[in-house]
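Coordinate inspection notes
One-letter residues, chain by chain:
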Amino acid sequence: MHTFEFDGEKYKKASKHQKEWGNSLIGELTLKGHETILDLGCGDGRLTEQLAQLVPNGSVLGIDGSSGMIETAKQRSRYNLVFTQMDINRIHFHNEFNVIFSNATLHWIRDHKKLLYNSFMALKEGGMLLWDFAGDGNCSNFYEVVQEKIQDENYKPYFNNFEWPWYMPVKTDYEKSLLLLDLVDIT
């Protein structure tokens, strides 16, 4: 799996919408202050820092595959907040987190069956996943134009080995896959 590299400083300036979505998601949490939280795809660490403020007696780990994002995020590190460069596809925690949070990231992950398995393994009993990621219909005009160009005879040779980088399921299909998920070891 290819890790996409991002400039964390540029992201800080250009991620207003992602922060708005994340703030809305964080608003859904009811915490006691001692929880352990994993932030998948923490980006520049702004939302991860907010999570850490909500758990002064807990801890938060922010991970991102991009070294540029992690370098920017590490500027926010504190006693209960750590950032580590790690590929989400390679998480292997066991019974460590009360909450696994992710905002505007998981559409970059192609194998959600493995992601879900690894995430459920990482959750403590009674833990929760709190995720928001792009789904079917997001950026549909953009994708339509890109798909047309990929098929255009003038550009087709440039896309011989092209793999679509995003997983954007229909919400009801994803919900069904959660209900049907068989948590057998797939690693």
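For the structure, check the block above.
Each value, and the rule that gives it
Residues numbered from 1 in each chain as written. Predicted model: local features only at pLDDT ≥ 70, side-chain atom pairs only at ≥ 80, totals over all residues. Heavy atoms only, no water. Pairing = 2+ DSSP bridges. Helix = DSSP H or I, 4+ residues; strand = E, 2+ residues; numbered from the N terminus. Axes fitted to C-alpha atoms, helices over the stretch in contact; angles between N-to-C directions. Contact = heavy atoms within 4.5 Å. Core = buried A, V, L, I, M, F, W, Y, C linked by side-chain atoms within 4.5 Å. Buried < 20%, exposed > 50% of the residue type's maximum accessible area, 1.4 Å probe, protein only. Polar contact = N/O pair within 3.5 Å; in protein donor to acceptor, adjacent residues only side chain to side chain. Phe/Tyr/Trp six-rings, centres within 6.5 Å; stacked < 30°, edge-to-face > 60°. Salt bridge = Lys/Arg side-chain N within 4 Å of Asp/Glu carboxyl O.

1. Considering the sheet that holds strand E2 (residues 59-64)
Taken together, the 5 strands give an open sheet; going across it, the order is E3-E2-E1-E4-E5, and neighbouring strands pair in parallel fashion. Two strands close off the open sheet at either side, each with one partner strand: strand E3 (81-85) and strand E5 (123-132). For this sheet the average axis-to-axis angle between neighbouring strands, irrespective of direction, equals 15 degrees. Here strand E1 (residues 36-40) runs beside strand E4 (residues 97-103); their pairing, made up of 3 bridges, is parallel. If you follow Ile37 over to E4, its bridge partner there is Val99. Sheet strands touched by helix H5 (residues 112-122): E1, E4 and E5. Its angle to E5, the strand with the most contacts, is close to 135 degrees.

2. Some details on the nonpolar core
Counting 18 residues, the largest nonpolar core has Leu38, Leu40, Ile100, Leu106 and Trp131 as the members making the most contacts within it. Those elements that provide at least two residues to this core are E1, E2, E4, H5 and E5. Per-element accounting of this core gives the leading share, 3 residues, to H5. Apart from residues lying up to four places away in sequence, Trp131 is in contact with Leu25, Leu40, Ile100, Phe101, Ser102, Leu106, Leu115, Leu116, Ser119 and Tyr174.

3. Looking at the environment of Asn98
Mapped onto the secondary structure, Asn98 falls in strand E4. The partly exposed category is assigned to Asn98, whose relative accessible area is 22%. Excluding anything up to four places from it in sequence, Asn98 contacts Glu35, Thr36, Leu123, Lys124, Gly127 and Met128. One polar contact links the side chain of Asn98 to the main-chain amide nitrogen of Thr36, over a distance of 2.7 Å.

4. Section: the environment of Arg76
Looking at the element boundaries, Arg76 is found in the loop between helix H4 (67-73) and E3. The sequence separation of Arg76 and Glu49 amounts to 27 residues, and the corresponding C-alpha distance is 6.7 Å. Separated by 2.8 Å, the side chains of Arg76 and Glu49 make a polar contact.

5. A look at the packing of aromatic side chains
Enumeration according to the criterion identifies 2 aromatic pairs in this entry. An angle of 90 degrees between the planes, with centres 5.2 Å apart, marks the rings of Phe93 and Phe97 as edge-to-face. When sorted by exposure, Phe93 lands in the same class as Phe97, which is buried. With centroids separated by 5.4 Å and ring planes inclined at 90 degrees, the aromatic side chains of Phe159 and Phe162 adopt a geometry described as edge-to-face. The exposure class of Phe159 is partly exposed, given its relative accessible area of 27%. Given a relative accessible area of 39%, Phe162 falls into the partly exposed group.

6. A few points about the side chain of Asp39
One can find Asp39 in strand E1. Of note is the side chain of Asp39, whose polar atom sits 2.6 Å from the side chain of Thr48. With near-sequence residues (within four places) excluded, Asp39 lies in contact with Thr48, Leu51, Leu61, Gly62, Ile63, Phe101 and Ser102.

7. What about the pattern of salt bridges?
Counted by the stated rule, this structure contains 3 salt bridges. Arg110 is paired through a salt bridge with Glu163; the nearest N and O atoms lie 3.3 Å apart. Of this pair, Arg110 sits in the loop between E4 and H5 while Glu163 sits in the loop between helix H6 (140-151) and helix H7 (171-180), placing them 53 residues apart in sequence. Residue Arg110 is classed as partly exposed on the basis of its relative accessible area, which comes to 37%. The closest approach of N and O atoms between Lys156 and Glu153, which form a salt bridge, is 3.7 Å. Here Lys156 falls in the partly exposed class, since its relative accessible area comes to 33%. We classify Glu153 as exposed; its relative accessible area is 61%.

Shape is all these values report; function is a separate question.
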